Amino acid sequence: MSAASTSAEANAVEAKNLDLVFQTRDSPVHALSEVNLEIRRGDFISFIGPSGCGKSTLLNCIAGLEPITSGAIAIDGRDMTTVSPKDRDIAMVFQSYALYPTMTVGQNITFGMKVRGIEKNEREEKLLKVAKQLQIESLINRRPGQLSGGQRQRVAMGRALVRDPKLFLFDEPLSNLDAKLRVEMRTEIKKLHQNLNASMVYVTHDQIEAMTLATKIVVMKGGIVQQIGTPSEIYNRPSNLFVADFMGSPAMNLIPAKVTNNGKGTKFTIARSRGEPLILFDDNITKLPENIVLGLRPEDIGDANLRKGDKLQISTCSVDVVEPAGADTYVLINLGGKEVTARLQAETAAQTGMEMAFTFNMDKVSYFDAKTGQRLN
Ligand code: ADP
Ligand code: MG
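Fair warning: this is a prediction, and the values are worked out from it, not measured in the lab.

Asker: Mind showing me how you'd approach the nonpolar core here?
Answerer: It is characteristic of soluble globular proteins that their nonpolar side chains tend to be buried jointly. Counting 43 residues, the largest nonpolar core has Ile 136, Phe 168 and Ile 217 as the members making the most contacts within it. Contact partners of Ile 136, with chain neighbours within four places excluded, come to Val 105, Ile 109, Ala 131, Arg 154 and Val 155. Ala 12, Phe 47, Ile 90 and Val 218 belong to the second largest nonpolar core, which has 30 residues in total.

Asker: How should I be thinking about the pairing of strand β18 (residues 338-345) in this particular structure?
Answerer: Strand direction decides the pairing type here: strand β17 (residues 328-335) and β18, joined by eight bridges, are antiparallel. Counterpart to Val 331 in the pairing with β18 is Ala 342. Between β17 and β18, which follow one another and run antiparallel, lie two residues, and Gly 336 among them has a positive phi close to 55 degrees.

Asker: Can you help me understand the layout of surface pockets in this one?
Answerer: To find the voids left in a structure, one rolls a probe of water-molecule size over its atoms. Approximately 650 Å³ is the volume attributed to the largest pocket. Taken together, 23 residues make up the lining of the largest pocket; nearest its centre are Ile 90, Ala 91, Met 92, Arg 159 and Arg 163. The biggest single contributor to the lining of the largest pocket is helix α2 (residues 105-115), with six residues. Class assignment for the residues of the lining of the largest pocket results in 17 nonpolar, two polar and four charged. By volume, the second largest pocket is sized at about 250 Å³. Every residue lining the second largest pocket is counted, 16 residues in all, and those nearest its centre are Asp 282, Asp 283, Asn 284, Met 362 and Asp 363. Among the residues making up the lining of the second largest pocket, the classes are represented as seven nonpolar, three polar and six charged.

Asker: In this structure, what is going on with α2? I would like to understand it.
Answerer: Restricting attention to buried positions, one finds in α2 the residues Val 105, Gly 106, Asn 108, Ile 109, Thr 110 and Met 113. In this fold, the buried residues of α2 make contact with α3 (120-133) and α4 (149-161).

Definitions and limits used
Residues numbered from 1 in each chain as written. Chains lettered and ligands numbered in written order. Predicted model: local features only at pLDDT ≥ 70, side-chain atom pairs only at ≥ 80, totals over all residues. Heavy atoms only, no water. Core = buried A, V, L, I, M, F, W, Y, C linked by side-chain atoms within 4.5 Å. Buried < 20%, exposed > 50% of the residue type's maximum accessible area, 1.4 Å probe, protein only. Contact = heavy atoms within 4.5 Å. Pairing = 2+ DSSP bridges. Helix = DSSP H or I, 4+ residues; strand = E, 2+ residues; numbered from the N terminus. 1 Å grid on protein atoms, 1.4 Å probe; cavity = no way out; pocket = protein on both sides within 12 Å on 5 of 7 lines; lining within 4 Å. Points joined across faces, edges and corners; volume = space filled by probe spheres on them. Nonpolar A, V, L, I, M, F, W, Y, C, P; charged D, E, K, R; others polar.

Structure (structure tokens):
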């Protein structure tokens, strides 16, 4: 990473071997380990993972708010490792909107420009443009105390937008909003990204938010990056059991299975609470270890009566629970000592206690090593 490489092709952000250890009174906290990351211009990147996995810490490192223990960070091809936050040309939006309570909406949005000595005319012009974009024109003279949570969030966004930064950093900006408003604001943020053509980094613990917004998702756990990929790669080809389990709702079914090589392919034996084991085959894979975990998304298990003609494997299983969910019906079956979720059409005839033929789409299956949790196919 050379400081002179500012060019049209430079990445928006590059992090190399980032390590961050917080020294606390008891024991040091290793908040980030060996993080490597490339964010291209115009990308929308989501950091996702459970609480405490290091998402905010990583974002703060990019912003320059948190000094790193070792490694390097470049923004737009320039080494920024030791550059102060105000000189990084970034704008941040936090979960707590951090608005000045005594200032009006307009003053909150233009305050930064005023500090930087930008003239009144230009400030007003930018304020109007951004207020229009965010549909808060009628709120410009109100104070934060006179706004709803969603409106405050818009003002916080407005303050970031008037800066025209190359890079936006968001830390769970929608967490304080109710469910309906979150969905609306999510769409608005996506539109903003499409219109502004800026690079955005977005921290969330909500996997639907990450899937719907991001061009690329970074899944983290315990300060370690687990996988970086497009939403489709993360969803269809999770790199390990943690990612498989974390992304998707209902979660991917993770079914323990015993492997036998049968010469031309592989046979999987899956124990059941009663009756014969379930047997599945895959002719496209060999050399799996003896104990694996077979990953199938709920939509990859179907109702054989409603899905004829597909090249799917069919087997009879007994239905434990039926959960109608409007557009789909979820059915639980017990396989490999686990409740496995099948996502069936609403018109399925499935009923609790029934023996029924299910399809298993082995084209979509993920295999994981039962010992290491790593993806095998
Ligand atoms: P996330 O945003 O993913 O919920 P954070 O990045 O805030 O997680 O925190 C990552 C880890 O670092 C956690 O274990 C947290 O307790 C710890 N941590 C964060 N900030 C500090 C700090 N200033 N001092 C000590 N430990 C911290
Ligand atoms: Mg956080």
